[in-house]
Amino acid sequence: MKTASDMVDNILFLDGSFKNFNMGLGIIWCDNAGKIKGSRANFGLISDALGAEVSALLLAVNWVQEMNLSKALFVSDCLQLVDFVYGDCVDPPTTKEEAILQAKTCLSITLEKPLNNPRLSAGKLKKQKQPKLRVEIPVSNDSNESLTQLAFDIFQDLPVRRKDSPINLLLLWPNATLTDLAATTFFKPQSSNQTIQNLDISSVCNTDSYNKVLNSADVTVFLVPDKTELELIKRISDGVYPKPVVVFNPKWGFEEESGFGELSGFVGSFEVVYSFMGVEVRGLLSKKKAVVFRNAKDGVLSGDKWLVLVEEEEEEGKLKVVTKYKKRPTIGEIENVLYNLMAVNSPVTKSVKFFRDLVSNARGKK
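Residues numbered from 1 in each chain as written. Predicted model: local features only at pLDDT ≥ 70, side-chain atom pairs only at ≥ 80, totals over all residues. Heavy atoms only, no water.

1. Quick word on empty space enclosed by the protein
Note the threshold: Buriedness for pockets is judged along seven lines, at least five of which must meet protein on both sides within 12 Å for an open set on the 1 Å grid over protein atoms alone, while cavities are sets there where a 1.4 Å probe fits but cannot get out, and lining residues have an atom within 4 Å of a point. Grid points are joined across faces, edges and corners, and a volume is the space filled by probe spheres set on the points. For helices the rule is a DSSP run of H or I covering at least 4 residues; for strands it is a run of E covering at least 2, with both sets numbered from the N terminus onward. Each residue is assigned to one class: nonpolar for Ala, Val, Leu, Ile, Met, Phe, Trp, Tyr, Cys and Pro, charged for Asp, Glu, Lys and Arg, and polar for all the others, Gly among them.
With the rule as written, the count across this model stands at three cavities of 30 Å³ or more. Around the largest cavity, the lining residues are Arg134, Leu230, Ile233, Val247, Trp252, Phe266, Val267 and Phe270. For the lining of the largest cavity, the secondary-structure elements that each account for two or more residues are helix H8 (230-240) and helix H9 (264-268). Residues belonging to the lining of the largest cavity are distributed by class as follows: seven nonpolar, no polar and one charged.

Structure below.
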């Protein structure tokens with residue numbers, strides 16, 4: 001990728017190393033004449049090599065913000081990272097690992113700014129909009145083990161950095177069974193930049209001990225919540241204001257949210273950072289699979305469009321974009337698009353559901 005010299009004042013070379021869950025991060029800062037201006041390094045724990053490269057980029061971005069540098073160019077030798085940052089945002093994941101990377105990176109970048117705002121963390125901003133985020137990513141099956149492993153893959157070693165202290169993540173599960181399983185799944189070495197606590201959401205009540213847990217959390221995550229828990233979710237969200245809250249894989253469908261009464265506005269205030277949802281259209285003699293996809297990869301939630309993609313008839317497993325929306329499409333809008341593509345007098349399924357297998361159903365390969 002070529003960049004005009006007059007567009008660059010500062011160049012940051014970044015790299016991340018990985019071995020046995022240990023990572024090292026290195027950054028060298030040069031001016032546009034090649035003169036070294038400074039360097040920075042860090043270390044910690046991470047689950048894979050790509051996570052180390054992402055952490056190096058986030059560390060470099062934080063450094064640029066600290067120094068208030070303009071016209072900064074980031075240089076990395078990790079092609080997968082470069083392709084993700086500059087690649088075509090309409091491209092959905094082709095593997096489970098790629099979907100996890102997309103969701104993890106989007107969430108990290110979006111959380112970076114509020115978590116590094118000291119006034120927000122201290123609750124000193126009046127009438128500040130609380131960051132409310134939503135992530136929707138398919139699980140391979142409905143088992144508790146699959147769900148807790150997916151949560152581990154997303155939230156363990158989340159590559160988001162804060163300058164002064166580790167980030168405390170509070171994961172709230174819908175029942176004790178998932179909470180206990182999560183505690184076992186997350187019982188592995190954690191990175192030095194975060195701590196994770198798993199709790200049953202029903203145990204969060206108005207006691208001093210649990211209030212301390214809520215107050216100490218920097219980010220509160222509601223995992224696979226049911227619509228029957230919405231009042232409690234709102235109460236907890238209000239209690240941790242203005243700190244960020246995240247809804248991860250809600251059990252209700254988007255089309256149900258308009259019927260939540262007074263809670264519809266609360267649910268609608270959660271902005272989707274990442275979504276990869278499957279839709280199936282059944283005709284009399286055939287069926288067509290599609291994907292509703294959003295990837296706010298740069299953390300700017302207002303600029304990323306919702307895409308509807310369908311399988312190519314000529315190339316099995318390959319998806320093509322058939323339409324784009326500025327806001328999340330309703331099930332009726334999706335039905336109309338896919339119905340026209342089917343061109344048959346056949347009903348369309350009346351609900352959006354996760355594909356049971358992220359890759360084999362959506363892309364035709366693993």
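This is not the end of the story, as more comes after the structure.
2. A short note on the nonpolar core
Looking at soluble globular proteins, one finds that nonpolar side chains tend to be buried together. What counts, and what does not: Among buried residues, the Ala, Val, Leu, Ile, Met, Phe, Trp, Tyr and Cys ones that are joined through side-chain atoms within 4.5 Å form a nonpolar core. Burial status follows relative accessibility: with a 1.4 Å probe on protein chains alone, a residue under 20% of its type maximum counts as buried, one over 50% as exposed, and anything between as partly exposed. Residue contacts follow a heavy-atom distance rule, with two residues in contact if any of their heavy atoms lie within 4.5 Å.
Judged by nonpolar contacts, the single largest core of 41 residues is most densely connected at Ile137, Phe155, Leu223, Phe248 and Tyr274. Of all the elements, helix H3 (residues 96-115) adds the most residues to this core, at seven residues. Not counting chain neighbours up to four residues away, the residues in contact with phenylalanine 248 comprise Val135, Ile137, Leu150, Ile154, Phe155, Val221, Phe222, Leu223, Val224 and Pro225. Within the second largest apolar cluster, 22 residues are counted, among which are Ile233, Ile236, Val247 and Trp252.

3. Considerations on the packing of helix H1 (residues 49-67) against H3
Going by this rule: As a rule, the C-alpha atoms of each element are fitted with a line to give its axis, helices using only the stretch in contact, and angles between N-to-C directions run from 0 to 180 degrees. Working rule for angles: under 35 degrees goes down as roughly parallel, over 145 as roughly antiparallel, 65 to 115 as roughly perpendicular, anything else as oblique. Should the near helix be turned counterclockwise from the far one by less than a right angle, the crossing is left-handed, whereas a clockwise turn marks it as right-handed.
Viewed as axis vectors pointing N to C, H1 and H3 meet at an angle of 20°, and their least axial separation amounts to 12 Å. The orientation of H1 relative to H3 falls into the category roughly parallel. Once H1 is placed against H3, the crossing between them reads as right-handed. Contacts between H1 and H3 involve Leu50, Val54, Leu58 and Asn62 from the former and Leu101, Thr105, Ser108, Ile109 and Glu112 from the latter. When grouped by side-chain class, the residues that make up the contact of H1 with H3 number five nonpolar, three polar and one charged.

4. Considerations on a nonpolar patch on the surface
The condition that has to hold: Distance thresholds for patches are 9 Å for like charges and 5 Å for nonpolar side chains (Val, Leu, Ile, Met, Phe, Trp, Tyr), applied to residues having over 30% relative accessible area and no salt bridge. Per-residue and other accessible areas follow the Shrake-Rupley method at a 1.4 Å probe size, with only the shown protein chains counted as cover for residues. Just to be clear on terms, a salt bridge is a Lys or Arg side-chain nitrogen sitting within 4 Å of an Asp or Glu carboxyl oxygen.
Residues Phe13, Ile28, Ile36 and Val75 make up a contiguous nonpolar surface patch of roughly 330 Å² in combined accessible area. Taking the relative accessible area as the measure of exposure, isoleucine 36 reaches 58% and is therefore exposed.

5. Comments concerning the pairing of strand S8 (residues 219-223)
What counts here: Strands pair, by our definition, only if DSSP identifies at least two bridges between them.
Among the five residues of S8, five are classified as buried, and the element is accordingly described as predominantly covered. The side-chain alternation of S8 yields two buried faces, one formed by Val219, Val221 and Leu223 and the other by Thr220 and Phe222. Here strand S6 (residues 167-173) pairs with S8 via four bridges, running parallel. Bridge pairing in S8 links leucine 172 to phenylalanine 222.

6. Describing the sheet that holds strand S4 (residues 72-76)
The four strands lie next to each other as S3-S2-S1-S4, forming an open sheet whose pairing is mixed. The sheet terminates laterally at strand S3 (36-45) and S4, the two strands that pair on one side only. Within the sheet, the average angular offset between the axes of one strand and its neighbour, ignoring direction, is 20°. Pairing geometry for strand S2 (residues 22-31) and S3, over nine bridges, is antiparallel. The residue bridging methionine 23 from the neighbouring strand is glycine 44, located in S3. Along the sheet face, H1 touches strand S1 (10-19), S2, S3 and S4 and points at about 150° away from the line of S1.

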